[in-house]
Amino acid sequence: MLHNQRRRKKIRLFILIISLIFLSFIIMIKGFYLLTTSKTERDLKKLKYNNESIVLIIENKLDKFLINNNLYSKTLEAALVGGQYENQLLEEYLYFPYKEYDSYISQLNNLNLIGYKRNDIEQVFNFLTKDEIDIIIQKEVQIDNLVSYISNDYFNINALDRYLQYKQENNSYAYDEVISRVNMSLDYPFYENTIEVPDPNDILVIVNKYYKLPKDFVPKKLIKIDNKYSYYDYGFQIASTVKDKFKQMANDAEKEGLIIKVTSAYRSYQKQMGIYNGYVKKNGFEAAEMFSARPGYSEHQTGLAIDVISGNNPYSYFQTTKEYKWLKDNAHKYGFILRYPENKSDITGYSFESWHYRYVGEEVAKYIYENNLTFDEYHAMMKNKKTNK
């Protein structure tokens, strides 16, 4: 038993000696640190600056200011370590939180040096991706009211020059209107800078004076409209997805004593050519352009558009009928929109056509109706709507 007590005393003594040695080592290390580092370096270290940036902070005589104001900025640290520090931008480095990508400091520097103010720069980083910011910087000049453009939900960086040019030529338009009109290609004359639609069978395909159909395009599923719903037996055809909705709409109108019949539906490229040329010959080019589409640019070729009449009355009188008033308030419930409304000719390129309806589906038709839009406006919005950065 005495032997065990002696053994335990030796162990305790050994542990004590080791502890004293370790404590001495710690004191020695701390002493060495205090001898080899200044108070300034230690204070900057407490603020979380790394060793490399501390050297540069002292070189640039920023240490007293940062220590006295208890300031740490990762943006400042990155600017110093990356060799991109600009003395006149110190307050901006302290103000802007760091963003985790390589070109951030360069972009921050350039936006400031171009002349953008702090609030504008904040919005640039909020609304634009890093690649979009590079495009802004490449302009090398300050864009007036830049935030008015980039804060729009439908801003497209690739159309920036067009927005600026259109605003310059049409200063009375608000910035949102400039973006909307350019997104619809209205900064180009009708039938210039046209695009062939990629999917003509899409139920939301846009066909207007900037978007055309392939010459040989025929909708996949065309079906004859029942004689009951047609103006005489002319064999009008329509896309199969539209037929049932039109019948439902016409039947519901009939319950209210109204008669709605189709007087024109699908037209081939060749048929539209004949119709258009006939109008040009009869009414002259400028007049025909306002109420007839050039071949390839007609919605009728999609099989999704119909012209309607009231009973057997000419379509030119449709605006005066009860049927028109009913359709104006109810067509969207069945997925149809009035394609060429009043006071929208500058957008659609066509005069008001009370008889021309286009099927787009109930959800889209409801949105267009409730927001008083043309399909051209809706398409431009959806095409350019921003996604999350």
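Notes on the structure in this doc start here. Owing to the predicted nature of the structure, the values given are computational and were not obtained by experimental measurement. (Residues numbered from 1 in each chain as written. Predicted model: local features only at pLDDT ≥ 70, side-chain atom pairs only at ≥ 80, totals over all residues. Heavy atoms only, no water.)

1. A word on the sheet that holds strand E7 (residues 336–340)
This is how the line gets drawn: Pairing between strands is defined by DSSP: at least two bridges between them are needed. We count a stretch as a helix when DSSP gives it H or I for four or more residues in a row; a strand needs E for two or more, and each element gets its number in order from the N terminus. Axis angles are defined between N-to-C directions and span 0 to 180 degrees, where every axis is a line fitted to C-alpha atoms and, for a helix, only to the segment in contact. Should any heavy atoms of two residues lie within 4.5 Å, those residues are considered in contact.
Strand order in the open sheet made by the four strands is E5-E6-E8-E7, with antiparallel pairing throughout. Of all the strands in the sheet, the pair left with one neighbour each is strand E5 (260–264) and E7. For this sheet, the mean angle separating the axes of adjacent strands, direction not counted, is 50°. Sitting on the sheet, helix H16 (residues 322–330) is in contact with E5, strand E6 (305–310), E7 and strand E8 (353–359), with an inclination near 40° to E8.

2. Thoughts on the layout of surface pockets
The condition that has to hold: With a 1 Å grid laid over protein atoms only, a set of points is called a cavity when a 1.4 Å probe fits there but cannot get out and a pocket when it is open yet has protein on both sides within 12 Å along at least five of seven lines; lining residues have an atom within 4 Å of a point. Grid points are joined across faces, edges and corners, and a volume is the space filled by probe spheres set on the points. The nonpolar class holds Ala, Val, Leu, Ile, Met, Phe, Trp, Tyr, Cys and Pro. Asp, Glu, Lys and Arg form the charged class, and all remaining residues, Gly among them, are polar.
A volume near 470 Å³ is recorded for the largest pocket. Taken together, 25 residues form the lining of the largest pocket, with Arg267, Tyr279, His300, Asp307 and Tyr315 sitting closest to its centre. Taken together, the elements giving at least two residues each to the lining of the largest pocket come down to E5, helix H14 (269–283) and E8. For the lining of the largest pocket, the element with the highest residue contribution is H14, accounting for four residues. Residues that form the lining of the largest pocket fall into these classes: 12 nonpolar, eight polar and five charged. There is about 360 Å³ of room inside the second largest pocket. Looking at the second largest pocket, it is lined by 17 residues, and the ones nearest its centre are Lys328, Leu338, Pro341, Tyr369 and Asn372. Considering only residue class, the lining of the second largest pocket consists of 12 nonpolar, two polar and three charged.

3. Observations concerning the nonpolar core
Where we set the bar: To qualify as a nonpolar core, a set must consist of buried Ala, Val, Leu, Ile, Met, Phe, Trp, Tyr and Cys residues joined through side-chain atoms within 4.5 Å. Throughout this description, buried means an accessible area under 20% of the type-specific maximum (1.4 Å probe, protein chains only), exposed means over 50%, and partly exposed covers the range between.
Membership of the largest hydrophobic core comes to 94 residues, with the highest contact counts inside it found for Phe246, Phe336 and Tyr357. The biggest single contributor to this core is helix H13 (residues 240–254), with five residues. Among all residues touching Phe246, those that are not within four sequence positions of it are Tyr229, Ile260, Val262, Ile306, Val308 and Phe336. The next biggest cluster of nonpolar side chains, apart from the first, holds five residues, and it includes Tyr191, Ala293, Tyr297 and Tyr340.

4. Let's talk about empty space enclosed by the protein
Regions of empty space are outlined by a rolling probe, equal in size to a water molecule, passed over the atoms. The full count for this structure, using the stated rule, is one cavity of 30 Å³ or more. A volume near 50 Å³ is recorded for the largest cavity. Along its surface, the largest cavity is lined by Asn183, Met184, Ile206, Asn208, Tyr211, Asp376, His379 and Ala380. No other element matches the three residues that helix H19 (residues 375–384) contributes to the lining of the largest cavity. Here the residues of the lining of the largest cavity sort into four nonpolar, three polar and one charged.

5. Structural notes on the pairing of E7
Within E7, five of the five residues are buried, which leaves it mostly tucked inside the rest of the structure. Relative to E8, E7 runs antiparallel, the two sharing four bridges. Residue pairing across strands places Ile337 opposite Arg358, the latter belonging to E8.

6. Let's talk about the pattern of salt bridges
Test applied: Basic side-chain nitrogens of Lys or Arg form a salt bridge, by our definition, when they fall within 4 Å of a carboxyl oxygen of Asp or Glu.
Enumeration over the complete set of coordinates arrives at 19 salt bridges. Of the charged contacts, one joins Arg294 and Glu289 as a salt bridge, the two residues approaching to 3.0 Å between their closest N and O atoms. Judged by relative accessible area, Arg294 falls into the partly exposed class, the value being 25%. Classification of Glu289 by relative accessible area gives buried; the value is 10%. Here the salt bridges share partners, and the residues they tie into one network are Glu299, Arg339, Arg358 and Asp376.

7. A few points about the side chain of Thr75
Relative to the assigned elements, Thr75 resides in helix H5 (residues 74–81). Overall, Thr75 belongs to the buried group, its relative accessible area being 1%.

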